[in-house]
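# Tertiary structure, described
Residue strings, one per chain:
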Amino acid sequence: MKKILAACVLVATSAFVMAQGITLPPSGDNQKSSVTQWIGLVKVNITYNSPNVHAPDGTDRKGKIWGDLVHYGFIDQRFGTSKAAPWRAGANENTTISFSHDVKIGGKDVKAGTYGLFLDLEKDGSSYWILSKDASSWGSYFYNPELDIARIETALKDAAYTEYLTYGFDTRERNTATAFLQWENKRLDLKIDVPNVNELYAAKMRDEMRGTTAGFSNETYLDAASFCANNKVNLEEGLKWAEAAISDPFFGRENFTTYAIKAGVLMAMGKDADAEVVMQKAIAHPTASVQDVHQYGRSLLNSGKKEKAMEVFKLNAKNHPEDKFTPNVGLARGYGLQLGSYNRAGFIEGKNSYENKDPTGVQLGLLNRANKMNGFQIGLINLSKRMQGTQIGLINIYTRGKDVGTRDGTSIGLINIGDGGFLSVYSTETFVQNYEIATGNTKNSRITGDRVTKGIYNALIYSCNTWKNPGSWAIGYGLHKMYFNRSATPGMSMFRFFGYGLEVRHVSHQKNISKNTSLLSSLKLSAGTRLHPKLYSLYIVGSVTGNHYWNDSGLQLSALTTSAENASVSTVRQWWPGFSLGVMVK
């Protein structure tokens, strides 16, 4: 009986207290919470009451939140006017969301204001946030779908455990942020966009320049005009602000910065010609520093305006002779110079390009790499695709150019690996067996098909006389330039050639490499023709040579022998004419 009486007193007291309007702790101790996030100039606020996973009496409700305490779909809560109410997305009073400016949510325009925030939570499929004009009711007991202004699709996702129902924001950028509700082990997102964020900033600047002392500062107008140019917004007014920064009778100034910012606005408006006229004034102004002019030249270079960039770099060198570094760096950039241990470029232009472009690009470093190379690569290792320029290095790796009307390039190095070259096997008056592997490519030959194709080839040569034991042998290097005559008959390709070059071999008179210096050098004139019209790749080759042999230990090199005879002097020099005869596979 006492318990019943106490309960009655409690109910009566609660009703009395509520009627009197005094402030008591929130129902169920679900504390009122609020979170605010700015998206640019837009203030977004969510106000809600925050229940926790453990009930006020301490009962652990884990696993009983979603689909139980938080109901699925629309239900009759047996109170109020709504017979099909969504979840109030919190506890107690309405959860509300407010926007200081118009926003876009889920592709839908939402006007500035405060809205009730409800949630249609579905067990299967998509759930939906509901924004309602009703922001002042208690919970969702009086929910009226006719007051909805937007329904935005969302999804229930797994999340880290959260004891208290919590709203927050992430993915925070200038023009967007994602609001989220997180409770227990689930989360739902609501993406909010402000597509006109830059227009809002421009309007704010306009008000501040009109209504505060900021409107009397040159820097204010420059900052505002620069913002418009960088974001391509409010450009007509941005141009007026830039012009005011130059010519206003109170705060206007003519200098490199004011002219450059005006040019930037004109560029953003697509008025490139007008912008270049203004920039000419800027770089010619006495306030233009060597770095100012250099950076402008670099911007032209990056936009592909190489000729104009070169004019700027040359002007910088002329106006600043005291600076020996920056203007020269600009000129080097203009000429396409890449200097470093590792150089990489997509396209190096040069005189072998179709337009015969000048200046010529240069890569100078230990490792050079280019996807399309019409200039120069100079380094230890050069890598090039569609190579139509010149490689100079220890190792050159390339594929030939394929652009119609352009010229193939040249590789000069110890080892050249590409899609051109030949293999020769021949005999000479000194060594019966000579094996030569040559790599190289065609130089200055139009892809459209000249009758004469010029080629420079680098060759690795091995010579020996295996019939004599211990047998002398030689290993060396050759450089040849060859002229191939193209047949007028379709499909016959190159059918004869003439060439000249230099070969240098180290000769060893014993099985192992001898330590003494023993060099055989040969100037070589050669000619060849295809062995048969149907054998497109097989040539018979003959040559005449002028040979010089030098040995610092007095060992002679006898013709067609491998004998080593002692000379009367410590150093042997021999000269003689020679020949070779063999075959070549190209």
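Everything below is about the structure printed above this text.
Rules used throughout
Residues numbered from 1 in each chain as written. Predicted model: local features only at pLDDT ≥ 70, side-chain atom pairs only at ≥ 80, totals over all residues. Heavy atoms only, no water. Helix = DSSP H or I, 4+ residues; strand = E, 2+ residues; numbered from the N terminus. Buried < 20%, exposed > 50% of the residue type's maximum accessible area, 1.4 Å probe, protein only. Contact = heavy atoms within 4.5 Å. Phe/Tyr/Trp six-rings, centres within 6.5 Å; stacked < 30°, edge-to-face > 60°. Pairing = 2+ DSSP bridges. Axes fitted to C-alpha atoms, helices over the stretch in contact; angles between N-to-C directions. Core = buried A, V, L, I, M, F, W, Y, C linked by side-chain atoms within 4.5 Å. Salt bridge = Lys/Arg side-chain N within 4 Å of Asp/Glu carboxyl O. Patch = residues over 30% accessible without salt bridge, like charges linked within 9 Å, V, L, I, M, F, W, Y side chains within 5 Å. Areas by Shrake-Rupley, 256 points an atom, 1.4 Å probe, with all protein chains shown as cover. Polar contact = N/O pair within 3.5 Å; in protein donor to acceptor, adjacent residues only side chain to side chain.

Moving on to the overall build of the protein chain. The secondary structure content of the protein chain amounts to nine helices and 24 strands. Every one of the 586 residues in the protein chain was classed for burial, and the buried ones make up 45%. When contacts within the protein chain are restricted to residue pairs at least 6 apart in sequence, long-range pairs at least 24 apart make up 51% of them.

Next up on the list: the packing of aromatic side chains. Summed over the entire model, instances satisfying the criterion amount to 17 aromatic pairs. Centroid distance F74 to Y143: 6.2 Å. Interplanar angle 35°. Geometry classified as tilted. Here F74, found in the loop between β2 (42-50) and β3 (96-99), pairs with Y143, found in the loop between β7 (127-132) and β8 (148-154); they are 69 residues apart in sequence, far enough to count as distant. On the numbers, 5.3 Å between centres and 40° between planes, the contact of F484 with F497 is tilted. Highlighted residues: F484 in strand β20 (residues 473-486) and F497 in strand β21 (residues 494-508), separated in sequence by 13 residues. Just as F484 is buried, F497 falls in that class too.

This paragraph deals with the sheet that holds β2. The strand order across the open sheet formed by six strands is β1-β2-β3-β6-β7-β8, and the pairing between neighbours is antiparallel. Edge positions in the sheet fall to β1 (31-39) and β8, since each of these pairs with one other strand and no more. Each neighbouring strand pair of the sheet contributes to a mean axis angle of 25°, computed without reference to strand direction. Across nine bridges, the pairing between β1 and β2 is antiparallel. Directly across from T36, in β2, lies its bridge partner N45.

Here the focus is the nonpolar core. Judged by nonpolar contacts, the single largest core of 41 residues is most densely connected at Y221, W241, F256, V265, M279 and I283. Elements with a minimum of two residues in this core: α2 (197-211), α3 (218-231), α4 (235-247), α5 (256-268), α6 (272-284), α7 (290-302) and α8 (306-319). Considering each element in turn, this core owes the most residues, eight residues, to α5. Each residue touching I283, except ones within four places of it in the same chain, is listed here: F256, A288, V293, Y296, V312 and L315. Counting residues in hydrophobic clusters, the runner-up holds 38 residues, among them W87, W129, V197 and L200.

With that out of the way, let us pick up the pattern of salt bridges. Where charged atoms of side chains with opposite charge meet at close range, the side chains can pair. For the structure on display, the rule yields 16 salt bridges. Residue K308 is joined to E276 by a salt bridge in which the shortest nitrogen-to-oxygen separation is 3.4 Å. Pair noted here: K308 is in helix α8 and E276 is in helix α6, with a separation of 32 residues, a long-range link.

Below, the discussion takes up the pairing of strand β15 (residues 390-400). Consecutive residues of a regular strand have side chains that alternate between opposite faces of the sheet. When strand β14 (residues 376-387) meets β15, the two strands line up parallel, connected through nine bridges. By the bridge assignment, S384 is partnered in β15 with Y398. The pairing of β15 with strand β16 (residues 410-417) spans seven bridges and is classified as parallel. Along β16, the bridge assignment pairs N396 with N416.

Okay, a nonpolar patch on the surface next. Where nonpolar side chains cluster on the molecular surface, the patch consists of L366, L380, I381, L394, I397, L414, I415, I417 and L460 and spans about 730 Å² of accessible area. When residues of the nonpolar patch are traced back to their parent elements, those giving at least two are β14, β15 and β16. Top contributing element to the nonpolar patch by residue count: β16, with three residues. Within the secondary structure, L414 sits in strand β16. By relative accessible area, which is 42% here, L414 ends up partly exposed.

Here we take up the side chain of Q391. Within the secondary structure layout, Q391 lies in strand β15. Among the polar contacts made by the side chain of Q391, one reaches the side chain of Q377 at a distance of 2.9 Å. Engagement of the side chain of Q391 in a polar contact is seen with the backbone oxygen of I397, the distance being 3.4 Å.

Pairing in this open sheet of four strands is antiparallel, and the strands run β5-β4-β10-β9 from one edge to the other. Edge positions in the sheet fall to β5 (108-110) and β9 (157-170), since each has one partner strand and no second. Across this sheet, the average inter-strand angle for adjacent strands is 40°, counted without regard to direction. Two strands pair when backbone bridges link them, and strand β4 (residues 103-105) and strand β10 (residues 176-193) are joined in this way by two bridges, in the antiparallel orientation. Each bridged residue has a counterpart across the sheet, and for I105 the counterpart in β10 is I192.

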